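# Close look at the chain arrangement
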Amino acid sequence: MSEPLSQWPRLHHTPGGGRPFVFYVVFGSRAEDMKLSRSRYRCDGIPAALDLMTYGPDSHPEVLDSFREGLLWNALQATDATLARRIAEQTRCVVLRGTLDDAPTLNELRNTIGLVTCLLDHEGVGVFDPQSLQWWSPEAWKTQVFEPARPVVHRHVVILTSAEPGGTTWFHTRGMRKFGRPDLSVRHVPAPHAAAVKDLIDRFIEFQALGGVIAEGQAIRMKALPEGMVCTHAGSEDDPDFNNVHIDIRWPPA
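Residues numbered from 1 in each chain as written. Predicted model: local features only at pLDDT ≥ 70, side-chain atom pairs only at ≥ 80, totals over all residues. Heavy atoms only, no water.

Attention now moves to the state of the cysteines. Scanning the entire structure with this criterion turns up 0 disulfides. Its sulfur unpaired, Cys118 is 8.1 Å from the next cysteine sulfur, which belongs to Cys43. By relative accessible area, Cys118 is classed as buried at 0%. (Disulfide = S-S within 2.5 Å. Buried < 20%, exposed > 50% of the residue type's maximum accessible area, 1.4 Å probe, protein only.)

In structure tokens, the structure reads:
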């Protein structure tokens, strides 16, 4: 009898949140060749809602190039030319995508991470995560995402900053849709409050990823931040800034 797999509980899970959406691209591998070991990859099966689609020379080869263009691809070429070259050489990829259940565990994310790792071990040379705008080498994926054997949620979400007129900064996230929760946005942050806002966002990433739900109108109470900040639900999955709904945390008027 096989050993039970470790559970990934969502300690703050509250029914009524959104359903997680996962989307990964593994270059160089083929789903048909995959030999999935339950114990090795901590995966007890492919989630029923997850589609695995192989694209290659005989099956919509243009799909590969659709991921190898634009700002994110240009950024990879500039920052990691070796990984970009390996990905550019590939003639096939596997796309994993699907809408999962809003469950009290992250076991389906655990399974998905195991699947991606298995595909990397079957000729995969790199992973693209379009939701959090990240490229992963096999080595980085395994050491930072797979090997911790727990839901290191901050590896799945990115905090972006954008300069605003007048010297303030817009803090915003991408990747929370993997957990079925809104992304986060704080505009007009003065420089002296930047560290506190990042701390706030880090806390909300962890809270939501582990199943928490931020209520409409929830007030922010942190000693390092001014009074009067509140949370408002906004946006849609068609919003190009997030590809997700988001929480607008409004900076109080001067």
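With that settled, consider the packing of helix H5 (residues 107-120) against helix H6 (residues 138-146). The interhelical angle for the contact between H5 and H6, taken along N-to-C directions, is 155°, at an axis separation of 11 Å. Here H5 is positioned roughly antiparallel relative to H6, judged by the angle of their axes. Classified by chirality, the crossing of H6 by H5 is left-handed. Between H5 and H6, the residues in contact are Ile113, Gly114, Val116, Thr117 and Leu120 and Pro138, Trp141, Lys142, Val145 and Phe146, respectively. Of the residues assigned to the contact of H5 with H6, the class counts are 7 nonpolar, 2 polar and 1 charged. (Axes fitted to C-alpha atoms, helices over the stretch in contact; angles between N-to-C directions. Helix = DSSP H or I, 4+ residues; strand = E, 2+ residues; numbered from the N terminus. Parallel < 35°, antiparallel > 145°, perpendicular 65-115°, else oblique. Left-handed = near helix turned anticlockwise from the far one by under 90°. Contact = heavy atoms within 4.5 Å. Nonpolar A, V, L, I, M, F, W, Y, C, P; charged D, E, K, R; others polar.)

As a further point, take the packing of aromatic side chains. Under the counting rule described, the total for this entry stands at 10 aromatic pairs. Ring geometry for Phe128 versus Trp135: centroids 4.2 Å apart, planes at 20°, classification stacked. By the burial criterion, Phe128 is buried, and Trp135 matches it. When the ring of Trp170 is compared with that of Phe242, the centres are 6.3 Å apart and the planes differ by 75°; the resulting orientation is edge-to-face. Placement of Trp170 in strand S7 (residues 169-174) and of Phe242 in the loop between strand S9 (230-234) and strand S10 (246-250) is noted, with a sequence separation of 72 residues between them. Grouped by ring-pair contacts, the aromatic residues Phe21, Phe23, Phe27, Phe67, Trp73, Phe128 and Trp135 constitute a single cluster. If you follow Arg42 out to its NZ or CZ, it ends over the ring of Phe146, 4.0 Å from the centre. Lying across the ring of Phe21, Arg177 places its NZ or CZ 4.3 Å from the centre. (Phe/Tyr/Trp six-rings, centres within 6.5 Å; stacked < 30°, edge-to-face > 60°. Lys NZ or Arg CZ within 6 Å of the ring centre and 35° of its normal.)

So, on to the nonpolar core. If you look at the biggest cluster of nonpolar residues, it comprises 51 residues, and the most contacted ones within it are Leu96, Trp141, Leu225 and Ile249. Going through the elements one at a time, strand S1 (21-27), strand S3 (93-99), H5, H6, strand S8 (183-189), helix H7 (194-209) and S10 are the ones with two or more residues in this core. Discounting residues that sit within four places of it in the chain, Ile249 has contacts with Leu184, Ser185, Val186, Arg187, Leu200, Phe204, Ile220, Met229, Val230 and Cys231. Core analysis: the second largest hydrophobic core is formed by 18 residues, Phe27, Tyr55, Val63 and Trp135 among them. (Core = buried A, V, L, I, M, F, W, Y, C linked by side-chain atoms within 4.5 Å.)

So, on to the sheet that holds strand S4 (residues 126-129). The 5 strands lie next to each other as S2-S3-S1-S4-S5, forming an open sheet whose pairing is antiparallel. Unpaired on one side and paired on the other, strand S2 (51-55) and strand S5 (134-136) mark the two borders of the sheet. Across the sheet, the axes of successive neighbouring strands diverge by a mean angle of 20°, strand direction being ignored. Across 3 bridges, S4 lies against S5 in antiparallel orientation. In the strand pairing of S5, Val127 is matched with Trp136. (Pairing = 2+ DSSP bridges.)

Before going further, it helps to examine the environment of Trp136. When you line up the elements, Trp136 lands in strand S5. Judged by relative accessible area, Trp136 falls into the buried class, the value being 5%. Between the C-alpha atoms of Trp136 and Val26, which are 110 residues apart in sequence, the distance is 9.5 Å. Among residues more than four places away in sequence, those in contact with Trp136 are Leu83, Gly126, Val127, Asp129, Trp141, Gln144, Val145 and Arg155.

What follows deals with the sheet that holds strand S6 (residues 158-163). Pairing is mixed across the open sheet formed by 5 strands, whose spatial order is S6-S7-S8-S10-S9. Two strands in the sheet have a free side with no partner beyond their single neighbour: S6 and S9. Taking each pair of neighbouring strands and ignoring which way they run, the sheet shows an average axis angle of 25°. Pairing geometry for S8 and S10, over 3 bridges, is parallel. From the neighbouring strand, Leu184 faces S10, where its bridge partner is Ile247. Packing against the sheet, H7 makes contact with S6, S7, S8, S9 and S10, and its axis sits at approximately 170° to S8.

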